[in-house]
Structures are given as C-alpha cells and as structure tokens.
Amino acid sequence: RYEFGYVPPGKYLVSLWPPTSGIASVPITVGNEDVSGVELVPLPTQKVSGRIVVTNGAIPHGKLGFYTDKTWVESNINDDGTFAVDLHSTTHQIDFAGLPVGYEVESVTVNSKDASKGIVVGKSAVSDVVIRLSAPDHLAVVRGRISGLAPDRYSTTLVELTGPTYNRIQADVQPDATFEFPAVVPGLYKLTLRGVPQVAPITVAVDGFRTFEVSVAVPNR
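A brief structural summary. (Residues numbered from 1 in each chain as written. Predicted model: local features only at pLDDT ≥ 70, side-chain atom pairs only at ≥ 80, totals over all residues. Heavy atoms only, no water.)

## A look at the nonpolar core
Within soluble globular proteins, side chains that are nonpolar generally end up buried alongside one another.
Okay, so step 1: Counting residues in each nonpolar core, the largest one holds 54 residues, and the members touching the most others are Ile52, Val129, Ile146, Phe179, Phe181 and Leu191.
Okay, so step 2: Not counting the four nearest positions on each side in its chain, leucine 191 is found in contact with Val159, Glu160, Leu161, Phe179, Phe181, Ala200, Pro201, Ile202, Val204, Val214 and Val216. (Core = buried A, V, L, I, M, F, W, Y, C linked by side-chain atoms within 4.5 Å. Buried < 20%, exposed > 50% of the residue type's maximum accessible area, 1.4 Å probe, protein only. Contact = heavy atoms within 4.5 Å.)

Below, the structure written as structure tokens:
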C-alpha cells in the first residue's frame with residue numbers, strides 16, 4: 001500500500017522507482033476528489049539477451065535502457081559486451097544514453113533482421129540482439145615501453161587499461177619491451193601490468209585523439 005498525502009490537480013504517471021521489469025506506469029488524473037485503487041500490477045516477462053558491438057575500439061560506458069510509453073528498464077552490460085534483461089510482451093525501443101561525443105547507435109538487429117523500430121517481445125525469450133555503435137574513425141593511441149622487466153617474462157605479462165569502457169583493454173609486451181593500444185576511447189584510465197604486482201597502477205589521462213606515451217619502470221627487488 002502507498003499514499004500521497006496531497007497532490008495538486010493535474011495529470012500524472014504513478015511509477016515504481018527504481019524501474020522494475022514488468023511494472024508499467026499508470027496514468028491518472030487528479031481533480032477535486034481523492035483518487036484510490038491505483039494498482040501497479042506485474043506483467044509476465046521474457047529474457048531478452050544480446051551483445052553490444054562497436055565499429056572501432058572498445059565499448060564506451062553508457063546507460064542501456066529499453067522503453068515504452070509507460071516503462072523504462074535498464075540493462076547491465078558485461079565485460080564482453082553481452083547483456084540480458086527481462087521485458088514484458090510489447091515493442092521496446094532502445095535508449096543508449098551517456099555515450100561520448102562521436103558515438104551513436106548505428107543499427108539494431110534481432111537474428112540478423114532489422115529491429116531499428118523496436119524489439120518485439122512476445123511469449124518466448126528473444127536472443128541474438130545485436131546493438132552496433134558507430135565510433136570515430138581515429139581514436140587515441142596509447143603506447144609505451146617497460147624497463148626493468150626480465151625478457152623471459154615478456155610473453156607472460158599483459159598490459160591492461162581499465163577505465164571508461166566495458167571491455168578489458170589489453171596489450172602484449174613485444175620483444176623490444178614496448179606495448180601499444182591502437183584505439184582508445186578518451187577518458188581517465190589505470191594502466192597495470194598483469195603478473196607484475198610490484199608495479200603500482202599508473203594513471204593515464206587520454207584527453208584527445210592523439211598518441212600518448214607511457215613509461216613503465218619495474219622496481220628492482
């Protein structure tokens with residue numbers, strides 16, 4: 001049960017917050033009399049799953065939502081770009097908000113068929129949803145050199161950037177002790193050497209679409 005003590009006359013949507021799968025907002029009109037019996041009734045839902053792909057670089061952080069005129073449900077995105085969300089039976093539009101400048105939704109397909117006008121959910125699960133993002137043709141480049149690391153450890157060491165992307169951005173150490181990330185979304189990152197715990201994370205500020213040089217020194221034990 002719920003109650004709002006006083007509501008000025010007008011038109012409203014009664015909604016559940018945070019948005020919950022299968023719970024639609026209910027439109028009401030408040031006049032000069034009390035309004036009662038407004039129920040938020042759960043609707044049956046189906047699992048909708050798929051993946052995010054991007055034309056260049058890693059997937060930037062954003063807020064993926066599915067909406068109708070009465071509902072909005074957010075979906076988590078995994079490190080590998082996959083997602084799964086519970087949606088009730090109707091047509092749901094896609095909202096990918098908060099993307100960096102230069103990124104936008106380029107296409108939406110379900111089982112390789114165009115779904116740009118919405119994802120239709122019926123009485124069964126929907127899979128193989130692909131949301132493709134367009135990206136700038138030229139992203140930033142982050143490259144550097146490692147000093148103090150024994151050459152026999154190059155092949156077992158990964159350089160990793162963590163920051164404003166869903167994917168884990170990793171680079172191999174080359175025979176000359178260099179590494180390179182050829183397509184990096186602008187933002188603030190932490191650079192770490194996986195397998196070399198004595199090296200503290202290095203902050204890398206990628207504030208444009210240019211080449212950034214990083215030096216990594218492994219301290220002597």
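## A closer look at the side chain of glutamate 160
Okay, so step 1: Inspection of the secondary structure puts glutamate 160 in strand E13 (residues 158-162).
Okay, so step 2: What makes glutamate 160 buried here is its relative accessible area of 6%.
Okay, so step 3: At 3.5 Å, the side chain of glutamate 160 and the side chain of arginine 168 are in polar contact. (Helix = DSSP H or I, 4+ residues; strand = E, 2+ residues; numbered from the N terminus. Polar contact = N/O pair within 3.5 Å; in protein donor to acceptor, adjacent residues only side chain to side chain.)

## Structural notes on the packing of aromatic side chains
Okay, so step 1: On inspection of all chains with the given rule, the structure shows 3 aromatic pairs.
Okay, so step 2: Plain terms: the ring middles of tyrosine 2 and phenylalanine 4 are 6.1 Å apart, the flat faces sit at 70° to each other, and that makes the pair edge-to-face.
Okay, so step 3: Judged by relative accessible area, phenylalanine 4 falls into the exposed class, the value being 59%.
Okay, so step 4: Each ring, one from phenylalanine 66 and one from phenylalanine 83, has its centre 5.9 Å from the other, and the planes form 40°; the classification is tilted. Residue phenylalanine 66 is located in strand E4 (residues 63-67), and its partner phenylalanine 83 is located in strand E6 (residues 82-88); the two are separated by 17 residues in the primary sequence. The two residues phenylalanine 66 and phenylalanine 83 agree in class, both being buried. (Phe/Tyr/Trp six-rings, centres within 6.5 Å; stacked < 30°, edge-to-face > 60°.)

## Some details on the sheet that holds E13
Okay, so step 1: Here 4 strands make up an open sheet; going across it, the order is E14-E13-E16-E17 and the pairing antiparallel. One side of each edge strand has no neighbouring strand; the edge strands of this open sheet are strand E14 (169-172) and strand E17 (202-206). For this sheet, the mean inter-axis angle between neighbouring strands, taken without regard to orientation, is 30°.
Okay, so step 2: When E13 meets E14, the two strands line up antiparallel, connected through 4 bridges. Bridge pairing in E14 links glutamate 160 to glutamine 170. (Pairing = 2+ DSSP bridges. Axes fitted to C-alpha atoms, helices over the stretch in contact; angles between N-to-C directions.)

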